[in-house]
Amino acid sequence: MFRSKRRQYLTPMDRIQKKFLRFKIISLAIIALLAGGLTAVIYTNYDYLLFKNLIAHHYIHTDTLDELFAAHGIQPESYARNFDNLVIAIVTQQIRQVDGDVYTFQYTPAARIRQIEGVRTRAETAEFFEIAPGVGYLFLPNISSYVREFVMDNREEINQFDDLILDLRGNNGGVLDDFQIIAEQFLPRGATVGYETARWHLFGWNVFGNQRISRGDQFFEFGSIIILQNQRTASAAEGLIMALHENLDNVTVVGELTYGKGIGQATLPLRGGYAVRATVILIETPSGATVHNIGITPDIEHDSYGDDIVEFALQLIENEGQQ
């Protein structure tokens with residue numbers, strides 16, 4: 001004889017209480033996880049937090065603290081609130097003194113604003129025009145989002161020229177992602193733009209995915225490309241030169257030995273308008289070479305200052321057209 005199971009009947013209040021109990025359990029679990037994470041953070045930074053509290057709140061020689069903050073361009077609202085900025089400034093200063101890495105430092109709010117405005121102001125000098133019948137002249141003053149947008153917005157008109165003089169004199173580089181987008185306009189899909197190696201926490205030196213590949217179809221097609229460079233051509237601008245020179249057979253580099261910067265930096269914004277900048281990437285050319293502390297030797301050496309080098313580039317294009 002089979003006995004049927006009695007079905008439990010839940011009133012609306014029972015259902016509400018059951019849902020509330022489930023919500024409490026989930027909430028307590030989340031709080032426990034967050035508390036555990038907070039506990040881990042406090043435990044990991046325990047010594048530093050004690051040190052910060054000791055100096056910021058109890059050190060009696062406040063004139064010394066004032067002098068120390070001022071030496072690093074920091075005017076603290078309170079010693080505790082700006083203590084982290086002081087520590088970052090001191091650590092990055094020591095890094096520069098030990099290995100000469102002048103690219104690792106902390107921006108004060110005023111310096112950060114000047115840097116951003118300087119990049120934008122410099123980018124506004126970008127230009128292109130027809131310098132001779134069928135020959136375009138393209139000047140890129142830096143590698144930035146502004147210059148990238150300039151190239152993309154005008155690429156239809158730029159591509160109407162038969163040949164191109166790409167002037168990168170004085171271009172001190174910029175953002176690697178912007179450099180890649182500009183390079184991709186010149187390169188076929190699948191071409192190697194360059195290599196980057198970054199040090200990732202817990203994983204040592206990362207080699208996975210460090211090859212930058214051109215992701216789109218080649219847009220620019222010129223009979224010849226003359227690139228102008230000088231001693232102040234650096235960083236992402238050097239990457240652009242090598243990406244074109246090592247992938248295309250119609251590129252000639254004219255000018256002087258470049259600066260030689262084959263490393264990249266990340267800039268992280270901090271509270272109060274501060275920012276910290278640090279070297280985090282090693283950069284290599286499509287062939288796997290480095291230009292760091294070496295520079296790029298031009299195919300043809302020429303004094304890079306004045307209009308003579310532009311006239312020389314035009315003569316090269318004319319001679320090539322006569323061959």
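See the structure above.
Only a predicted model underlies this, so the values are computations on that prediction, with no experimental measurement involved.

Caption draft 1: Spatial organisation of the overall build of the chain. Scanning the chain for helices and strands turns up 9 helices and 12 strands. Among the 323 residues that make up the chain, the fraction classed as buried is 39%. In the chain, of all internal contacts separated by at least 6 residues, the share reaching a separation of at least 24 is 71%. Put simply, the chain shows about 19,900 Å² of open surface, and 57% of that area lies on carbon and sulfur atoms.

Caption draft 2: Main features of a negative patch on the surface. A cluster of acidic residues, Asp-303, Asp-307, Asp-308 and Glu-311, forms a negative patch on the protein surface. Within the secondary structure, Asp-307 is located in the loop between β12 (300–301) and α9 (308–322).

Caption draft 3: Broad picture of the layout of surface pockets. The space that makes up the largest pocket amounts to roughly 920 Å³. Breaking the lining of the largest pocket down by element, the ones donating at least two residues are β1 (105–107), α5 (109–123), α6 (145–158), α7 (176–184), β10 (263–269) and β11 (275–284). Among the elements that take part in the lining of the largest pocket, α5 stands out by supplying 6 residues, more than any other. Across the lining of the largest pocket, the residue classes tally to 16 nonpolar, 13 polar and 8 charged. In this structure, the second largest pocket encloses a volume near 200 Å³. Forming the walls of the second largest pocket are Gln-75, Glu-77, Arg-81, Asn-82, Asp-84, Asn-85, Ile-88, Pro-109, Leu-270, Arg-271, Gly-272 and Tyr-274. For the lining of the second largest pocket, the element with the most residues is helix α4 (residues 83–99), which contributes 3 residues. Split into classes, the residues belonging to the lining of the second largest pocket amount to 4 nonpolar, 4 polar and 4 charged.

Caption draft 4: Representation of the sheet that holds β12 in the model. Spatial strand order, β2-β3-β4-β8-β9-β12: 6 strands in an open sheet with mixed pairing. Sheet topology places β2 (127–132) and β12 at the edges, where each strand pairs with a single neighbour. In the sheet, β2 pairs with strand β3 (residues 135–139) via 5 bridges, with the strands oriented antiparallel. In the sheet register, Ala-132 faces β3, and the bridge partner there is Val-135. Docked against the sheet, helix α8 (residues 236–245) engages β4 (163–167), β8 (225–229) and β9 (251–255), running at close to 140° with respect to β9.

Caption draft 5: Highlighting α6. End to end, α6 covers 18 Å across 14 residues, agreeing with the expected 20 Å (1.5 Å per residue, within 8%). The largest bend along α6 measures about 35° and falls at Met-152. Every buried residue belonging to α6 is among Val-147, Phe-150, Val-151, Asn-154 and Ile-158, and all of these are buried. The inward-facing, buried residues of α6 contact α5, β2, β3, β4 and α7.

Caption draft 6: Fine view of the packing of aromatic side chains. The full count for this structure, using the stated rule, is 10 aromatic pairs. Taken together, the aromatic side chains of Phe-186, Phe-219, Phe-220 and Phe-222 make up a single cluster linked through ring pairs.

Caption draft 7: A look at the environment of Pro-109. The residue Pro-109 is located in helix α5 in this model. In this structure the C-alpha to C-alpha distance between Pro-109 and Gly-273, which are 164 residues apart in sequence, comes to 4.6 Å.

Caption draft 8: Geometry of the packing of α6 against α7. Running from N to C, α6 and α7 point in directions that differ by 15°, and their axes come no closer than 9 Å. By the criterion of interaxial angle, the relationship of α6 to α7 is roughly parallel. Considering only the axes of α6 and α7, their crossing is left-handed. In this structure, α6 contributes Ser-145, Val-147, Arg-148 and Met-152 to the contact, and α7 contributes Asp-178, Ile-181 and Ile-182. Considered class by class, the residues forming the contact of α6 with α7 number 4 nonpolar, 1 polar and 2 charged.

Quick notes on the rules
- Residues numbered from 1 in each chain as written.
- Predicted model: local features only at pLDDT ≥ 70, side-chain atom pairs only at ≥ 80, totals over all residues.
- Heavy atoms only, no water.
- Helix = DSSP H or I, 4+ residues; strand = E, 2+ residues; numbered from the N terminus.
- Buried < 20%, exposed > 50% of the residue type's maximum accessible area, 1.4 Å probe, protein only.
- Contact = heavy atoms within 4.5 Å.
- Areas by Shrake-Rupley, 256 points an atom, 1.4 Å probe, with all protein chains shown as cover.
- Patch = residues over 30% accessible without salt bridge, like charges linked within 9 Å, V, L, I, M, F, W, Y side chains within 5 Å.
- Salt bridge = Lys/Arg side-chain N within 4 Å of Asp/Glu carboxyl O.
- Lys, Arg positive; Asp, Glu negative; His and termini not counted.
- Charge placed at Lys NZ, Arg CZ, Asp CG, Glu CD.
- 1 Å grid on protein atoms, 1.4 Å probe; cavity = no way out; pocket = protein on both sides within 12 Å on 5 of 7 lines; lining within 4 Å.
- Points joined across faces, edges and corners; volume = space filled by probe spheres on them.
- Nonpolar A, V, L, I, M, F, W, Y, C, P; charged D, E, K, R; others polar.
- Pairing = 2+ DSSP bridges.
- Axes fitted to C-alpha atoms, helices over the stretch in contact; angles between N-to-C directions.
- Expected span 1.5 Å × (residues − 1).
- Bend = angle between axes of the 7 residues up to and from the residue.
- Phe/Tyr/Trp six-rings, centres within 6.5 Å; stacked < 30°, edge-to-face > 60°.
- Parallel < 35°, antiparallel > 145°, perpendicular 65-115°, else oblique.
- Left-handed = near helix turned anticlockwise from the far one by under 90°.

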